[in-house]
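What follows is each chain in one-letter form.
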Amino acid sequence: MGEEKVSIAKEETMGLFMRNLLRDVQAMEYMLAENWFETDTIRIGAEQEMCLVDKKTWKPSCINMRVLKRLADYDWATTEIAKFNLETNLSPQVFTGKAISELEKENLEQVRIVREAAKRSGANIVLTGILPTLRKFDLAKENLTPKPRYHALIDAISAHATADSFELRLQGIDEILLKHDSPLLEACNTSYQVHLQVTPQTFVPLYNISQTLAGPIIALSANSPLVFGKRLWHESRIALFQQALDVRTSSHHLRERLPRVNFGSGWLENSILDIYREDISRFRVLLGTELEEESLKQLKKGKAPKLKALQVHNGTVYRWNRPCYGISGNGKPHLRIENRVIPAGPTILDQTANAAFWLGAMIGLGTQYRDVRERIGWADVQDNFHKAARYGIDSKFTWFNDQKVGALDLIQQELLPIARHGLETQKIDSGDIDRYLGVIEERVKRQCSGARWMLRSYTALRKEVNQDEAVSILTERIHHHQTSEKPVHLWPLAAKGDMKTYRPIGLRVEEFMSTDLMTVHENDLLELVVDMMDWRKLRYLPVEDKKGQLVGLVTTRKLLRYFTRHGRQELPGNKELLYVRDIMIENPYQISPDTTIKEAMYIMREKKIGCLPVTQDGELLGVITEMDFLQVAATLIERLA
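These notes cover the structure that comes with them. Counting restarts for each chain: residues are numbered from 1 in the order of the written sequence. With the structure being a predicted model, the display of local features is reserved for residues of pLDDT at least 70 and the display and counting of side-chain atom pairs for 80 or more, all residues being used for whole-chain, interface and lining totals. The basis for every side-chain value is the complete set of heavy atoms in the structure, and neither hydrogens nor water enter the calculation.

### Some words on the overall build of the protein
The criterion, for reference: Helix and strand labels come from DSSP, where a helix needs a run of H or I of at least four residues and a strand needs a run of E of at least two; each type is numbered from the N terminus. It is over C-alpha atoms that the radius of gyration is taken, and the globule rule equals 2.2 Å times the number of residues to the power 0.38. Only protein chains enter the accessibility calculation, which uses a 1.4 Å probe; a residue is then buried when its area is under 20% of its type maximum, exposed when over 50%, and partly exposed in between. Any two residues having at least one pair of non-hydrogen atoms within 4.5 Å are treated as being in contact. Computed with a 1.4 Å probe, the accessible areas rest on the Shrake-Rupley method; for each residue, only the protein chains presented here act as cover.
From N to C terminus, the protein includes 19 helices and 23 strands. For a compact globule of 641 residues, the expected C-alpha radius of gyration is about 26 Å, and the protein comes in at 27 Å, within 12% of that figure. Viewed in the frame of its principal axes, the protein has a C-alpha envelope of about 95 × 55 × 55 Å. Looking at the protein residue by residue over its 641 residues, the buried ones come to 57%. Contacts in the protein between residues at least 24 apart in sequence constitute 74% of all its contacts with a sequence separation of at least 6. Counting every atom, the protein has about 28400 Å² of accessible surface; 48% of that belongs to carbon and sulfur.

Rendered as C-alpha cells:
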C-alpha cells in the first residue's frame, strides 16, 4: 500500500470513494477493450524487505526512520509497517539479456548502502522471512512506523475485527497458541516480491500458471520456520500473515468467508477485472484517499488514469499472487503479476535464483501449455500451496494428470528444464541461466533450503543453550553468511561456539521463562504432588484453578518442612488424606511477562525465593527459577574462560 495520503474510510466520504472505485473499474474495462495497454515490452522488477537488528544483541532495532534519514538521497529506500523493517525497490529491467543479474547487482549495491547507514546507527541488516530473535512485545503498537497510512491501516483492520483479539495458531515440531491485541503481527513477515509484466491477453493464463507454481516455489524457497522460538511450518509466513489480518471469527454455521490474506477462491476465467471485482464484492473498503483526478475524465483527455482508488483498495487485500496496474515511462498503462510467496533471504543470490526459477517456469509453462487448467484441478493447486507452506521441500504434490510426486523430484526432473527453456525463450544470458538455475539444482540435490538449515541448526543449538542464545546465534550466523553471499546449501550448521559474544541485555521474562509446565489443583492429593516432583525432578509446582488462574505454589522446602515434622502419610492404611491446599503457599510472589530479567533477579534475591510464577491478569503463563539464571551465568563464564 504505497499511497501516503490515506485515512480510515468514514461513512460521510465512503460513498464518494466507492463511486471513484467503481469508475476506476469502468476505466480499466474501457482501456482493456480499446487496447490501451503496453504489449511490446516485457519487464521484471522486485522489492526487497529487510530487518534491522541491534549490532550487539541481534534483537530487532526500531530505528527505521533514523536510518532513512541517512538514506535521504536514495528514492529507492522506503519504510515498512514496523520500525524494525525497511524496503528497497529495484529498477524495472527489460526481461532479456542480463536482466536478472542486473537485478542482483542492483540489490547487492542497495543492501550494501542500507547496511552502511544502519551500522552508523548501531544496527545490522538481516534478510530472512521471519526474524528468529523477534519477540511478541516487539509487535506492540508503539513499534508501528510513525506514518499516517500505517496507523490508518492498523486501526481500520482492528475496527473491522469481529473478535476482541487476533490469534495465532500453528503447529509444526512445536506448537504456538497466542493472542495479540494488534494486527501488527503481520510485521513478522519479510519478503522478496518479484514482478513480471504481462499483456492483457496473457494475464489470465499466466496468472493461473503462477497460482499453479506457488506450491513448488514455496517448497523450494521456504525460509521462515521459527516464530518466537517455536519450530512451526517451513514457511510460517503463509499462515502467520493470514491470521495476523484475519478479522473473521468462528461461528455455529458453515458460512464461507475469505480472509483478506488469501490464495484465491478459484481459477481466473476472463481477465484481471475478475480479481478486482471479486475483491470489491467480498471485502469492505478499509481506507480512503484524496483523489486528484477522475479516471473517466482522464480517459476523455487521452491519458491513462492512475486508478488511485482501485490501487488503495487493492493494497488492503493481500493475494499471494497479486494483480498490479501501473503506468510506464512512455505513458502507457501496463499489467503485472506480483509473486509474494518468496521470503527474504537466505542470501541475495538465493533470492535471485528463486526469482529466476519462477520467471523461467512462468514463461516455460506458458509456451508449453495453452491452458494449465486442463492439466490440474484448482483443489490440487490450493492443496499444494498449503502443503508446501507446512512441509517445504519435504512436500508431496498432486501434479499434472493426477501425478503424485515429491517436491524435489518435481523441481529437478520437470520444472528446472521448463524454467531453463523459458529463460532461453526470453534470450536471458546463458551464463546467468547456468548460474541461477545451478543454485536451485544444487539446493535440491543437497536437500537444503533456508528453512531446513534453520531447523537443523536451531534444534542442535537448543540441546546446548537456552532459547534466547540459540536464536541470537542463529541470527548472527545468517548475517555472517549473507555478507559472504555463499548460497544456503553451502552453509555449515550454526553451532554454540560460532558467536563469540552473547549479550543477554534487556531480556524480558517472557522470552526466558519455562512454559512447558506441570501444575496441580488445590484439591489434588499431596501424595500426587510428592510423586510428580520426584518423577519430574521438580523443585516448584504451581497451583492453578480450572480456568488457569494461579492460586498457589508448592515448593520442595515446604514439603521437606512438613514431612520432617509429620512423616509421609502412607496409603492405604492411613485414613487421613492431605491435599495441596494444606501445604501450598497462597498468593505467591508473581511477575508479569514484560518484567525484565534484571528486575526478576532483584525480586528473587530481595525476597529470598527461588521461583517466580509469571502471570497476566491472574492467568499462569510460565515460571522462572534460579536455575534459569544459573544457566545464563554458566554460559557467560564459559565465554570469559
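### Examining a nonpolar patch on the surface
Operational definition: Like charges are joined within 9 Å and nonpolar side chains (Val, Leu, Ile, Met, Phe, Trp, Tyr) within 5 Å, but only among residues with over 30% relative accessible area and no salt bridge; these make up the patches. We count a salt bridge whenever a side-chain nitrogen from Lys or Arg sits within 4 Å of a carboxyl oxygen from Asp or Glu.
On the surface, Leu525, Leu528 and Leu577 cluster together into a nonpolar patch covering about 210 Å² of accessible area. Tracing the chain through its elements places leucine 577 in the loop between helix H17 (556-566) and strand E21 (585-586).

### Quick notes on unusual backbone geometry
Residue proline 346 is reached from glycine 345 by a cis peptide bond, and omega for that bond is -5°. Structurally, proline 346 can be placed in the loop between strand E16 (333-339) and helix H10 (348-368). Positive phi, normally seen in glycine, also occurs at asparagine 587, with a value near 50°. Its place among the elements puts asparagine 587 in the loop between E21 and helix H18 (597-607).

### Observations regarding the sheet that holds strand E20 (residues 550-555)
Note the following rule: One bridge is not enough; two strands pair if DSSP finds at least two bridges between them. What counts as an axis is a line fitted to C-alpha atoms, over the stretch in contact for a helix, and the angles between N-to-C directions run from 0 to 180 degrees.
What the three strands build is an open sheet, ordered E19-E20-E21; its pairing is antiparallel. The strands lining the two open edges of the sheet, one partner per strand, are strand E19 (540-544) and E21. Sitting on the sheet, helix H16 (residues 526-536) is in contact with E19 and E20, with an inclination near 135° to E19.

### A look at the nonpolar core
A general tendency of soluble globular proteins is for nonpolar side chains to be buried together. The line we're drawing: For this analysis, a nonpolar core means a set of buried residues of the types Ala, Val, Leu, Ile, Met, Phe, Trp, Tyr and Cys, connected via side-chain atoms within 4.5 Å.
Residues Met28 and Phe357 are the most contacted members of the largest nonpolar core, which totals 161 residues. Of all hydrophobic cores here, the second largest spans 19 residues; its members include Met50, Ile63, Val111 and Ile348.

### Description of the packing of helix H3 (residues 99-119) against helix H13 (residues 430-446)
What counts, and what does not: Three classes are used, and their members are as follows: Ala, Val, Leu, Ile, Met, Phe, Trp, Tyr, Cys and Pro are nonpolar, Asp, Glu, Lys and Arg are charged, and the others, Gly among them, are polar.
In contact at an axis separation of 9 Å, H3 and H13 are set at 65° when each is read in the N-to-C sense. Contact with H3, carried on its side by Ile100, Ser101 and Glu104, involves Asp432, Arg435 and Tyr436 of H13 and no other residues of that element. Residues belonging to the contact of H3 with H13 are distributed by class as follows: two nonpolar, one polar and three charged.

### Thoughts on the pattern of salt bridges
For the coordinates displayed, the defined rule picks out 30 salt bridges. A salt bridge links arginine 23 to glutamate 294; the shortest N-O distance between them is 2.8 Å. Placement of arginine 23 in helix H1 (residues 11-33) and of glutamate 294 in the loop between strand E13 (287-289) and helix H8 (295-300) is noted, with a sequence separation of 271 residues between them. On the accessibility criterion, arginine 23 (28% relative accessible area) is partly exposed. With a shortest N-O distance of 2.8 Å, glutamate 38 and arginine 43 are connected by a salt bridge. For arginine 43, a relative accessible area of 22% gives the class partly exposed. Linked through salt bridges whose partners overlap, the residues forming this network are Glu278, Asp279, Arg282 and Arg319.

### Quick look at the packing of H3 against H10
Heads up, the condition is: An angle counts as roughly parallel when it lies under 35 degrees, as roughly antiparallel when it exceeds 145, as roughly perpendicular when it falls between 65 and 115, and as oblique in every other case. Note: crossing handedness is left-handed where the near helix turns anticlockwise from the far helix by less than a right angle, and right-handed where it turns clockwise.
Remark: H3 packs on H10, axes separated minimally by 10 Å, with the N-to-C direction vectors making an angle of 150°. Classed by the angle they form, the pair H3 and H10 counts as roughly antiparallel. For the element pair H3 and H10, the recorded crossing hand is right-handed. Of the residues in H10, those touching H3 at Ile100, Glu104, Asn107, Leu108 and Val111 are Ile348, Leu349, Gln351, Thr352 and Ala356. Within the contact of H3 with H10, the residues separate by chemical class into six nonpolar, three polar and one charged.

### Considering the packing of aromatic side chains
Our working rule: Centres within 6.5 Å are what make two rings of Phe, Tyr or Trp a pair, Trp counting through its six-membered ring; a difference in plane orientation under 30 degrees is then read as stacked, over 60 as edge-to-face, and the rest as tilted.
Tallied over the entire structure, the rule returns twelve aromatic pairs. With a centroid separation of 5.0 Å and an interplanar angle of 40°, the aromatic rings of tyrosine 74 and tryptophan 76 are classed as tilted. The class for tyrosine 74 is partly exposed, based on a relative accessible area of 33%. Measuring from centroid to centroid gives 5.6 Å for phenylalanine 203 and tyrosine 207, while their planes differ by 15°, and the two rings are stacked. Here phenylalanine 203 pairs with tyrosine 207, and both are found in helix H5 (residues 200-221), just four residues apart, close to one helical turn. Since its relative accessible area comes to 1%, phenylalanine 203 is described here as buried. Put simply, the rings of Phe263, Trp267, Trp378 and Phe385 touch in pairs and so form one group of aromatic residues.

### Observations concerning helix H14 (residues 450-461)
Residues lying three or four places apart along an α-helix face the same way, a consequence of the helix completing one turn every 3.6 residues. Condition: One less than the number of residues in a helix, times 1.5 Å, gives the span that helix is expected to have.
The first and last C-alpha atoms of H14 sit 16 Å apart over twelve residues, in line with the 16 Å expected at 1.5 Å per residue. Burial runs high along H14: nine of the twelve residues are buried. Of all the positions in H14, only Gly450, Ala451, Arg452, Trp453, Met454, Leu455, Ser457, Tyr458 and Leu461 are classed as buried. Check the buried side of H14 and you find it contacts strand E10 (226-227), strand E11 (230-231) and helix H15 (467-484).

### Side note on a positive patch on the surface
For clarity, the cut-off: Charge convention: Lys and Arg are scored as positive, Asp and Glu as negative, and His as well as the terminal groups of each chain are ignored. To locate a charge, take NZ of a lysine, CZ of an arginine, CG of an aspartate or CD of a glutamate.
On the surface, Arg19, Lys297, Lys300, Lys301 and Lys303 cluster together to form a positively charged patch. Position of lysine 297 relative to the elements: it lies in helix H8.

### Topic: the pairing of strand E7 (residues 166-171)
Burial along E7 is one-sided: Phe166, Leu168 and Leu170 are buried, while Glu167, Arg169 and Gln171, pointing the other way, are not. In the sheet, E7 pairs with strand E8 (residues 175-180) via six bridges, with the strands oriented antiparallel. When the sheet's bridge partners are listed, leucine 170 is paired in E8 with isoleucine 176. As consecutive antiparallel partners, E7 and E8 are separated by three residues.

### Considering the environment of glutamine 26
The topology assignment puts glutamine 26 in helix H1. According to the relative accessible area criterion, glutamine 26 is partly exposed, its value standing at 42%. Between the C-alpha atoms of glutamine 26 and serine 236, which are 210 residues apart in sequence, the distance is 38 Å.

### What about the side chain of threonine 79?
Put simply, the rule is: Within 3.5 Å is the distance limit for a polar contact, defined as a pair of N or O atoms, with the added protein rule that one can donate a hydrogen and the other accept it, and that residues adjacent in sequence qualify only through two side-chain atoms.
If you trace the backbone, threonine 79 turns up in strand E3 (residues 77-79). Given a relative accessible area of 2%, threonine 79 falls into the buried group. Only 2.9 Å separates the side chain of threonine 79 from the side chain of tyrosine 150, close enough to count as a polar contact. Threonine 79 has contacts with Asn64, Met65, Leu68, Glu87, Thr145, Lys147, Arg149 and Tyr150, leaving out every residue within four places of it along the chain.

Geometry only, nothing functional implied.
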